[in-house]
Amino acid sequence: MSAAMPDDARKVPSHELTYVRLRDMVLFGTLAPGQPVTIQGLIGDLGAGMTPVREAIRRLTAEGALEPQGNRRVTVPRLQPSVLDQLAFARLTIEPQLALMAAAHLSPRLIDQLAALDGRVDEAIRTGDITGYLTANHAFHFALYEASGAGVLIDMARSMWLRFGPSLRVVATLAGAAGLPDQHVEALAAMRAGDGARLARAVHDDIAQGVEEVRAALARGEI
């Protein structure tokens, strides 16, 4: 007999699960920028019906993560330099502030959890696991940001990652995991020292490294 599902798992509507799965396909680069996919293909990939897939597409289109292409196709937008400039400004403003706000609420247990997530980042870099790097890096940042309690800013950060993530996946695939941004050692040291300003700087530098790698790839015509 199979184990019973936890109550919270049973309460998640199927359309929300479909949205999360499609969001993660965008966020972690399963769908490459400029790659058209059919709605029917997404139905097969997601194992969901037409209605929840259409609703997920509608939501992600409103968030700027997908673009309708006609003929029942959608695509991840190609990142333009002007859009990257806006994303860089927003990320470098909002995310260090989230880190600074989170610093006052970091418990030893949470810092240990963040260190474990950074261990997953390091292992993914060591083994060249691009998907593992992207998922663990995302988990590290948002576990930190959630501690801030700043829901509006966190939502803004999630939206920006949706627009930025697919291009970072392209860079990672071309360059390999070894050169990917990882300023987490400095961030963790700041957390353990209780130094919010130092933590904010580490997050700023981590984001800036990724932005510059994407900017260089755009200039080379690789994205």
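Our subject in this report is the structure included herewith. (Residues numbered from 1 in each chain as written. Predicted model: local features only at pLDDT ≥ 70, side-chain atom pairs only at ≥ 80, totals over all residues. Heavy atoms only, no water.)

## Concerning empty space enclosed by the protein
Condition: Cavities and pockets are defined on a 1 Å grid built over the protein atoms alone: a cavity is a set of grid points where a 1.4 Å probe fits but cannot escape, while a pocket is an open set with protein on both sides within 12 Å along at least five of seven lines, and lining residues are those with an atom within 4 Å of any such point. Grid points are joined across faces, edges and corners, and a volume is the space filled by probe spheres set on the points. Numbering of helices and strands starts at the N terminus; helices are DSSP runs of H or I of at least 4 residues and strands are runs of E of at least 2.
Under the definition given, this model contains three cavities of 30 Å³ or more. In this structure, the second largest cavity occupies an estimated 60 Å³ of space. Surrounding the second largest cavity, L27, F28, L134, N137, H138, W161, G165 and L168 form its lining. Those elements that place two or more of their residues in the lining of the second largest cavity are α7 (130-146) and α8 (151-175).

## A short note on the environment of A190
This is how the line gets drawn: Residues count as neighbours in contact if any of their non-hydrogen atoms are within 4.5 Å of one another.
In this fold, A190 is placed in helix α9 (residues 184-193). Considered as a pair, A190 and I207 are 17 residues apart in the sequence and their alpha carbons are 16 Å apart. Beyond its immediate sequence surroundings of up to four residues, A190 is in contact with D195, R198 and L199.

## Some points on the nonpolar core
Basically, it comes down to this: Note on terminology: a nonpolar core comprises buried Ala, Val, Leu, Ile, Met, Phe, Trp, Tyr and Cys residues joined through side-chain atoms within 4.5 Å. A simple rule labels every residue: compare its accessible area, found with a 1.4 Å probe on the protein chains alone, to the largest value its type can have, and call it buried under 20%, exposed over 50%, or partly exposed in between.
L22, L144 and M191 are the most contacted members of the largest nonpolar core, which totals 71 residues. Per-element tally for this core: the top contributor is α8, with 10 residues.

## Concerning the environment of E95
Mapped onto the secondary structure, E95 falls in helix α5 (residues 81-103). Its relative accessible area of 0% is what places E95 among the buried residues. Each C-alpha atom of the pair E95 and G34 lies 27 Å from the other, and the pair is 61 residues apart in sequence. Residue contacts for E95: discarding those within four places in its chain leaves A90, H141, Y145, A157, M160, W161, V203 and I207.

## So, unusual backbone geometry
Positive phi, normally seen in glycine, also occurs at N71, with a value near 55°. With respect to the helices and strands, N71 occurs in the loop between β2 (67-70) and β3 (73-75). Overall, N71 belongs to the exposed group, its relative accessible area being 71%. In this structure, R72 is a non-glycine residue whose phi angle is positive, near 60°.

## A short note on the packing of α5 against helix α10 (residues 196-219)
We apply this condition: What counts as an axis is a line fitted to C-alpha atoms, over the stretch in contact for a helix, and the angles between N-to-C directions run from 0 to 180 degrees. An angle counts as roughly parallel when it lies under 35 degrees, as roughly antiparallel when it exceeds 145, as roughly perpendicular when it falls between 65 and 115, and as oblique in every other case. In this scheme, a crossing is called left-handed if the near helix is turned counterclockwise away from the far one by less than a right angle; it is called right-handed if the turn is clockwise. The residue classification treats Ala, Val, Leu, Ile, Met, Phe, Trp, Tyr, Cys and Pro as nonpolar and Asp, Glu, Lys and Arg as charged. All others, Gly included, are polar.
Interhelical geometry of α5 versus α10 gives an angle of 160° and a closest axis separation of 8 Å. Between α5 and α10, the interaxial angle falls into the category roughly antiparallel. Here α5 and α10 pass one another in a crossing that is right-handed. Along the contact surface, α5 presents P81, L84, D85, A88, R91, L92, E95, P96, A99, L100 and A103, while α10 presents G196, A197, L199, A200, V203, H204, I207, A208, V211, V214, R215 and L218. Considering only residue class, the contact of α5 with α10 consists of 17 nonpolar, two polar and four charged.

## Some remarks on the sheet that holds strand β1 (residues 37-38)
In any sheet, the strands associate via hydrogen bonds between backbone groups, in a parallel or an antiparallel arrangement. Definition in use: Any two strands with at least two DSSP-identified bridges between them are counted as paired.
In space, the three strands of this open sheet follow the order β1-β3-β2, with antiparallel pairing throughout. A strand with exactly one partner marks an edge of an open sheet, and here the two such strands are β1 and β2. As defined by bridge partners, β2 adjoins β3 across three bridges and the pair is classed as antiparallel. By the bridge assignment, G70 is partnered in β3 with R73.

These values are about where atoms sit, not about what they do.
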